[in-house]
Amino acid sequence: MNLDQASRLRAMARQQVPETALFRSRVLAITSGKGGVGKTNVVAGLALTLAKLGQRVAVLDADFGLANLDILLGLSPTHTLEHVLRGEKVLEEIVLEGPMGIRVIPASSGIQELTRLDTASELRLIQGLQRISETIDWLLIDTAAGIHDSVVKLLLAAQEVLLVTTPEPTSLVDAYAMVKVVHLRDSEKTLWVLVNNAHSEAEAEETLEQLQAASQRFLGREVKALGMIPSDSSLLQSVREQRSVVEQFPRSPSALAFRQIADQLMKKVPLQKDGFASFWKQLSLEES
Ligand SMILES: Nc1ncnc2c1ncn2[C@@H]1O[C@H](COP(=O)(O)OP(=O)(O)OP(=O)(O)O)[C@@H](O)[C@H]1O
Ligand SMILES: [Mg+2]
């Protein structure tokens with residue numbers, strides 16, 4: 001296939017998603033500069049809390065880390081996005097049903113291919129997502145940590161970005177590096193910051209203030225404070241038991257904090273027309 005044909009086919013694939021679609025959703029990518037700061041737990045906690053609030057939630061597991069979302073929720077995927085991209089499965093066949101009806105799309109190793117799809121795979125993916133998007137209010141994307149290009153592409157394609165940091169100086173420095181990378185690529189992208197594993201409100205506030213100050217001083221841009229999740233032994237116990245703290249200990253400090261964060265997100269992240277599919281369109285546009 002020559003380049004001309006390829007780009008015509010790409011354009012056709014994109015047109016499969018009608019611009020006038022009425023479905024409205026929100027697409028949020030959850031990331032961090034440093035690994036191990038609690039992204040996957042934040043994704044699981046928010047997904048289940050939003051589901052409790054009556055929202056229909058899908059989660060894309062785009063993290064290569066060892067502590068994957070499926071493990072955290074006690075799910076065992078047999079197929080991943082890779083099978084969809086190869087045309088062996090349709091998207092609906094790989095989606096897992098998690099607790100409280102949340103849907104989990106296991107991407108795992110398939111995710112690297114997402115940013116360089118051939119036209120046939122792109123078409124399959126966009127059509128599948130289009131079908132799923134009709135029944136979804138939120139798509140949460142659990143990304144790997146760090147400023148790798150494939151992660152940054154996911155962030156840029158998402159509607160808004162939620163950056164998780166802990167109060168540790170190393171995590172904070174890496175969080176700032178992430179703010180900078182995103183800012184240089186898209187200065188308009190909304191960046192929320194959530195302080196996880198904080199030992200007090202004061203510690204979380206100080207962390208937020210430091211990140212805010214650095215972003216303003218060196219980049220002239222704001223990050224938006226979303227709040228904090230306290231360090232919580234109930235969360236640790238839930239991780240060990242492969243259940244979400246929100247389900248298992250709904251009155252625990254972290255579960256209550258997830259509720260506050262979910263309320264904020266519901267109020268402050270605008271609904272996007274056909275947000276789910278436009279995420280994928282954006283991802284493929286980034287590439288071309
Ligand atoms: N609020 C918290 N309270 C207590 N422990 C926590 C909290 N958040 C996270 N942890 C601990 O940190 C560990 C790592 O969390 P998680 O796997 O969610 O991080 P991650 O950022 O997704 O890591 P990776 O970068 O490897 O994907 C958890 O298994 C848990 O032990
Ligand atoms: Mg993780």
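Just above sits the structure.
Please read these numbers as outputs of a predicted model, since none were measured by experiment.

1. Digging into the site of ligand 1
Okay, so step 1: Close to ligand 1 lie 18 residues, the nearest being Lys39, Thr40, Asn41, Asp63 and Asn196.
Okay, so step 2: Taken by itself ligand 1 offers 640 Å² of open surface, and the protein chains cover 83% of this.
Okay, so step 3: If you list the elements that add at least two residues to the shell around ligand 1, you get α2 (39-52), β7 (191-198), β8 (224-230) and α10 (233-240).
Okay, so step 4: Tallied by class, the residues present in the shell around ligand 1 amount to seven nonpolar, eight polar and three charged.

2. Focus on helix α8 (residues 169-185)
Okay, so step 1: Given a rise of 1.5 Å per residue, 17 residues ought to cover 24 Å, and the 25 Å separating the end C-alpha atoms of α8 matches this to within 8%.
Okay, so step 2: Those residues of α8 that sit buried are Ser171, Leu172, Ala175, Tyr176, Met178, Val179, Val182 and His183. Taken around the axis of α8, the buried residues stretch over an arc of 160°, which confines them to a single face. When the buried face of α8 is taken as reference, the exposed residues oriented beyond 90 degrees from it are Pro169, Val173 and Leu184.
Okay, so step 3: Turning to α8, the residues buried within the fold contact β1 (24-31), α7 (149-157), β6 (160-165), β7 and α9 (201-219).

3. Some remarks on the pattern of salt bridges
When the charged atoms of two side chains lie near each other, side chains of opposite charge can form a pair.
Okay, so step 1: Within this structure, the stated rule accounts for seven salt bridges.
Okay, so step 2: Linking Arg86 and Glu88 is a salt bridge whose minimum nitrogen-to-oxygen distance equals 3.0 Å.
Okay, so step 3: Residue Arg86 is classed as partly exposed on the basis of its relative accessible area of 48%.
Okay, so step 4: The partner of Asp263 in a salt bridge is Arg259, and the shortest N-O contact between them spans 3.2 Å. Highlighted residues: Asp263 and Arg259, both in helix α12 (residues 253-268), separated by four residues, approximately one helical turn.
Okay, so step 5: Residue classification places Arg259 among the partly exposed positions, given a relative accessible area of 40%.
Okay, so step 6: One network of salt bridges, with partners in common, ties together Glu82, Arg86 and Glu88.

4. Structural notes on the pairing of strand β4 (residues 103-106)
Okay, so step 1: Here four bridges tie strand β2 (residues 57-62) to β4, and the two strands are oriented parallel to one another. Counterpart to Ala58 in the pairing with β4 is Arg103.
Okay, so step 2: Sheet topology places strand β3 (residues 96-97) next to β4; two bridges connect them, and they run antiparallel. Among the inter-strand pairings, Leu96 is bridged to a residue of β4, identified as Val104.
Okay, so step 3: The antiparallel pairing of β3 with β4 creates a hairpin that spans five residues between the two strands, and Met100 there sits at a positive phi of about 55°.

5. Describing the packing of aromatic side chains
Okay, so step 1: Throughout the structure, instances matching the rule amount to one aromatic pair.
Okay, so step 2: Between Tyr176 and Phe218, the ring centres sit 6.2 Å apart and the planes meet at 70°, which makes this aromatic pair edge-to-face. A residue pair is termed long-range when its members are at least 10 positions apart, and Tyr176 in helix α8 and Phe218 in helix α9 qualify at 42 residues.
Okay, so step 3: For Tyr176, a relative accessible area of 18% puts it in the buried group.
Okay, so step 4: The exposed category is assigned to Phe218, whose relative accessible area is 53%.

6. Observations regarding the packing of α8 against α9
Okay, so step 1: Look at α8 against α9: their axes get within 10 Å of each other, and the N-to-C directions meet at 40°. What the angle tells us is that α8 and α9 run oblique. Here α8 and α9 pass one another in a crossing that is right-handed. Note on element contacts: α9 touches α8 through Thr207, Gln210, Leu211, Ala214, Ser215, Phe218 and Leu219, opposite Leu172, Ala175, Tyr176, Val179, Lys180 and His183.

7. Comments concerning the packing of α2 against α12
Okay, so step 1: Interaxial distance between α2 and α12 falls to 9 Å at its minimum, and their mutual angle equals 70°. Here α2 is positioned roughly perpendicular relative to α12, judged by the angle of their axes. Mapping the contact onto sequence places Asn41, Val42, Gly45, Leu46, Thr49 and Leu50 in α2 and Phe258, Arg259, Ile261, Ala262, Leu265 and Met266 in α12.
Okay, so step 2: Considered class by class, the residues forming the contact of α2 with α12 number eight nonpolar, three polar and one charged.

8. Structural notes on the environment of Val27
Okay, so step 1: Relative to the helices and strands, Val27 is located in strand β1.
Okay, so step 2: A residue is classified by how much of its surface remains accessible, and Val27, at 1% relative accessible area, is buried.
Okay, so step 3: Taking C-alpha positions, Val27 is 9.8 Å from Pro270, a pair spaced 243 residues apart along the chain.

9. Examining the layout of surface pockets
Okay, so step 1: The space that makes up the second largest pocket amounts to roughly 240 Å³.
Okay, so step 2: Together, Glu201, Ala204, Glu205, Leu208, Ala225, Leu226, Gly227, Met228, Ala257, Gln260, Ile261 and Gln264 line the second largest pocket.
Okay, so step 3: Of the residues in the lining of the second largest pocket, the class split is seven nonpolar, three polar and two charged.

About the cut-offs
- Think of each chain on its own: its residues are numbered from 1, step by step along the sequence as written.
- Think of it this way: whatever chain is written first is A, whatever ligand is written first is 1, and the rest follow in order.
- In view of the model being predicted, local features appear only for residues whose pLDDT reaches at least 70, and side-chain atom pairs are presented and counted only at 80 or more, with totals across whole chains, interfaces and linings using the full set of residues.
- Each side-chain value is derived from all of the structure's non-hydrogen atoms; neither hydrogens nor water enter the calculation.
- Summary of the distance rule: residues count as near a molecule or strand when at least one heavy atom falls within 4 Å of that molecule or strand.
- With residues, only the protein chains shown are counted as cover, and all accessible areas are computed by Shrake-Rupley using a 1.4 Å probe.
- By definition, any uninterrupted DSSP run of H or I lasting at least four residues is a helix, any uninterrupted run of E lasting at least two residues is a strand, and each is numbered from the N terminus.
- Each residue is assigned to one of three groups, with Ala, Val, Leu, Ile, Met, Phe, Trp, Tyr, Cys and Pro labelled nonpolar, Asp, Glu, Lys and Arg labelled charged, and all others, Gly among them, labelled polar.
- Helix span, as expected, comes to 1.5 Å for every residue beyond the first.
- Burial classes follow relative accessibility: with a 1.4 Å probe on protein chains only, a residue under 20% of its type's maximum area counts as buried, one over 50% as exposed, and anything between as partly exposed.
- In this description, one arc is meant: the one made by directions from the helix axis to the C-beta atoms.
- In this analysis, two residues are considered to be in contact whenever any of their non-hydrogen atoms come within 4.5 Å of each other.
- A carboxyl oxygen of Asp or Glu within 4 Å of a side-chain nitrogen of Lys or Arg is what we treat as a salt bridge.
- When DSSP finds two or more bridges between two strands, those strands count as paired.
- To pair, rings of Phe, Tyr and Trp, with the six-membered ring standing in for Trp, must have centres within 6.5 Å; the planes then decide the type, stacked if under 30 degrees apart, edge-to-face if over 60, and tilted in the middle.
- Note on method: axes are straight lines fitted to C-alpha atoms, helices fitted across the in-contact stretch only, with angles between N-to-C directions ranging 0 to 180 degrees.
- Roughly parallel means an angle under 35 degrees; roughly antiparallel means over 145; roughly perpendicular covers 65 to 115; every other angle is labelled oblique.
- The handedness criterion is simple: a crossing whose near helix is rotated anticlockwise from the far helix by less than a right angle is left-handed, and one whose near helix is rotated clockwise is right-handed.
- Detection works on a 1 Å grid of protein atoms alone, calling trapped sets that fit a 1.4 Å probe cavities and calling open sets with protein on both sides within 12 Å along at least five of seven lines pockets, with lining residues defined by an atom within 4 Å of a point.
- Grid points are joined across faces, edges and corners, and a volume is the space filled by probe spheres set on the points.

Shape descriptors only; they carry no functional weight alone.
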